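Each chain is listed here by its residues.
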Protein chains: 2
Amino acid sequence: ELVARLAARQRGDLLAGRQVLISAGPTFEDIDPVRFLGNRSSGRMGFAIAEAAAEAGASVTLVAGPVNLATPAGVQRIDVRSAREMHAAVLGAAQNCDVFIAAAAVGDFRPAEVALHKIKKRGDGGLSLELTQNPDILADVAALPRRPLLVGFAAETENVEAYARAKLERKRLDLIAANQVGSGLGFEVDDNSLTLISADATLRLPTAPKRELARQLIDVVAQRLRDRGTDNGAGAA
Amino acid sequence: ELVARLAARQRGDLLAGRQVLISAGPTFEDIDPVRFLGNRSSGRMGFAIAEAAAEAGASVTLVAGPVNLATPAGVQRIDVRSAREMHAAVLGAAQNCDVFIAAAAVGDFRPAEVALHKIKKRGDGGLSLELTQNPDILADVAALPRRPLLVGFAAETENVEAYARAKLERKRLDLIAANQVGSGLGFEVDDNSLTLISADATLRLPTAPKRELARQLIDVVAQRLRDRGTDNGAGAA
């Protein structure tokens, strides 16, 4: 028990004084007042990361899409629904953060037009729904003058690591957490497995509860922040 | 307290020996393993009706779309996701029921094709999503040889009573519960107001918790079943 208390005290210093911004959950895009286009995401991974970051002593802001989850202790939560709302909330908070962990499953597309009243069925015919692209939150955070450490997620059903590595480079991320979805992993479940990929390293975390994976991710993020600090210091010396 | 106990005992006889089938919640139609087309519905109204029907002594089957709600005591629950899954579950249970209360917000449309793998963004362009119509659950239950009493719902953002009356006639329902959605009423909230419309009567229930509205709806349904029993008896005599 003493060991656990000491470990907890150590963890409580890992991100002391750091501002951590996390996005979590899905985004929903309204088609009309009744219908929407959604992404599958329980938000559990992002909420677990927010909890782990707060335990590690960080000041945590959590931008959450529509989910049914309690706010972790000590975390400041901003609720949003659409990708554009999430974009605005994240960009507003990102100016002053040290790390942005983009765990939300943001919809790439939204309906080109939103109907003010419920669209009525006409006859037996189909319907063609025109979609337009949403803003790229990670790209816009990466373009900020004071760019935080950027951690992305890649949830894929196939070729996960290859897609993740391509996204890491394309979006100039510092770290990407790749996870296979489908077959009982990833969405709307408690267990998950993650592969953490950076330009110079690949770390496979075996299947574990999301809380445990979140702690391991926060450990890696804390290490990266310390390395960055040292690099900056060395550069200025 | 004696009055409450007597009232509860009376309520417990209202639907004794009756088979009540209720659909509740939204349906979600997968576009690919990550994206889906959804309907806004918390399922609370349908779950409240299932609870009220069980309290009234009925044998209750609840076909539920994707919601985060506990199953009411004594209710048999079947979980589904898409409109076609809901159609199959309802038709399977409807053969032997006395009443079908269609409280689910069933999606009218589903993607014409479901992608087995996550659809990737290509360039900055939009996307056109082709939709096809889902089966009409109420119409197919109405066409059963032993047609149960049919209760529909009409959730509309405008002209609620006119739309509801048209739906009552078009789908040959016995009763329709009309409710205005938007402005803090209807979806994802605890309070609601309903107008119960039949061929010969209109009953406006003022804004109240969904549980209270559910009890009033069950009272009306029980009365309709008794009337139908009497009519049948008179016809045979």
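Note that the structure is a prediction, hence the values are computed from the model and not measured.

Another aspect to go through is the interface of chain A and chain B. Chain A puts 38 residues into the contact, and the matching count from chain B is 37 residues. A salt bridge links D30 of chain A to R40 of chain B, with the nearest nitrogen and oxygen atoms 3.5 Å apart. Between chain A and chain B we count 18 residue pairs in polar contact (both at pLDDT 80 or more) in total. Listed by contribution, the elements that provide at least two residues to the side of chain A that touches chain B are β2 (28–30), β3 (35–39), β8 (127–133) and β9 (149–156) of chain A. For the side of chain A that touches chain B, the class distribution of residues is 13 nonpolar, eleven polar and 14 charged. Relative to strand β3 (residues 35–39) of chain B, β3 of chain A runs antiparallel, the two sharing five bridges. Among the inter-strand pairings, R35 of chain A is bridged to a residue of β3 of chain B, identified as N39 of chain B.

Note on the identical chains: chain A maps onto chain B by a rotation of 180° and an axial translation of 0.0 Å, with an RMSD of 0.0 Å. Read as a symmetry element, the transformation amounts to a two-fold axis. Here 97% of the contact residues of chain A are again contact residues in chain B; the copies associate through an equivalent surface.

Residues and elements named next belong to chain A. The phi angle at R172 is positive, at roughly 50°, despite the residue not being glycine. Within the secondary structure, R172 is located in the loop between α5 (160–170) and β10 (175–180). Given a relative accessible area of 52%, R172 falls into the exposed group.

Let's shift gears to the sheet that holds β2 of chain A. Strand order across the open sheet formed by four strands is β2(A)-β3(A)-β3(B)-β2(B), with antiparallel pairing between neighbours. Edge strands, defined here as strands with exactly one partner in the open sheet, are β2 of chain A together with β2 (28–30) of chain B. Sheet twist, expressed as the average angle between the axes of neighbouring strands with direction ignored, equals 25°. When β2 of chain B meets β3 of chain B, the two strands line up antiparallel, connected through three bridges. Across the sheet, the residue bridging to E29 of chain B is L37 of chain B, located in β3 of chain B.

Residues and elements named next belong to chain A. Most of strand β1 (residues 19–24) is tucked away, with five of its six residues classed as buried. Where β1 lies against strand β4 (residues 59–64), six bridges are found, and the strand directions are parallel. Looking across to β4, one finds that Q19 is bridged to S59.

Our focus in this paragraph is the pattern of salt bridges. Tallied over the entire structure, the rule returns 28 salt bridges over all chains. Across the salt bridge formed by E212 of chain A and R215 of chain A, the nearest N and O atoms sit 3.6 Å from each other. In this pair, E212 of chain A and R215 of chain A are both assigned in helix α6 (residues 210–236), three residues apart and thus about one turn of the helix distant. Where R35 of chain B meets D32 of chain B, a salt bridge forms, and the shortest distance between an N and an O atom there is 2.6 Å. Residue R35 of chain B is classed as buried on the basis of its relative accessible area, which comes to 10%. By relative accessible area, which is 1% here, D32 of chain B ends up buried.

Definitions and cut-offs
Residues numbered from 1 in each chain as written. Chains lettered and ligands numbered in written order. Predicted model: local features only at pLDDT ≥ 70, side-chain atom pairs only at ≥ 80, totals over all residues. Heavy atoms only, no water. Contact = heavy atoms within 4.5 Å. Salt bridge = Lys/Arg side-chain N within 4 Å of Asp/Glu carboxyl O. Polar contact = N/O pair within 3.5 Å; in protein donor to acceptor, adjacent residues only side chain to side chain. Helix = DSSP H or I, 4+ residues; strand = E, 2+ residues; numbered from the N terminus. Nonpolar A, V, L, I, M, F, W, Y, C, P; charged D, E, K, R; others polar. Pairing = 2+ DSSP bridges. Least-squares fit on C-alpha atoms with pLDDT ≥ 70 in both. Buried < 20%, exposed > 50% of the residue type's maximum accessible area, 1.4 Å probe, protein only. Axes fitted to C-alpha atoms, helices over the stretch in contact; angles between N-to-C directions.

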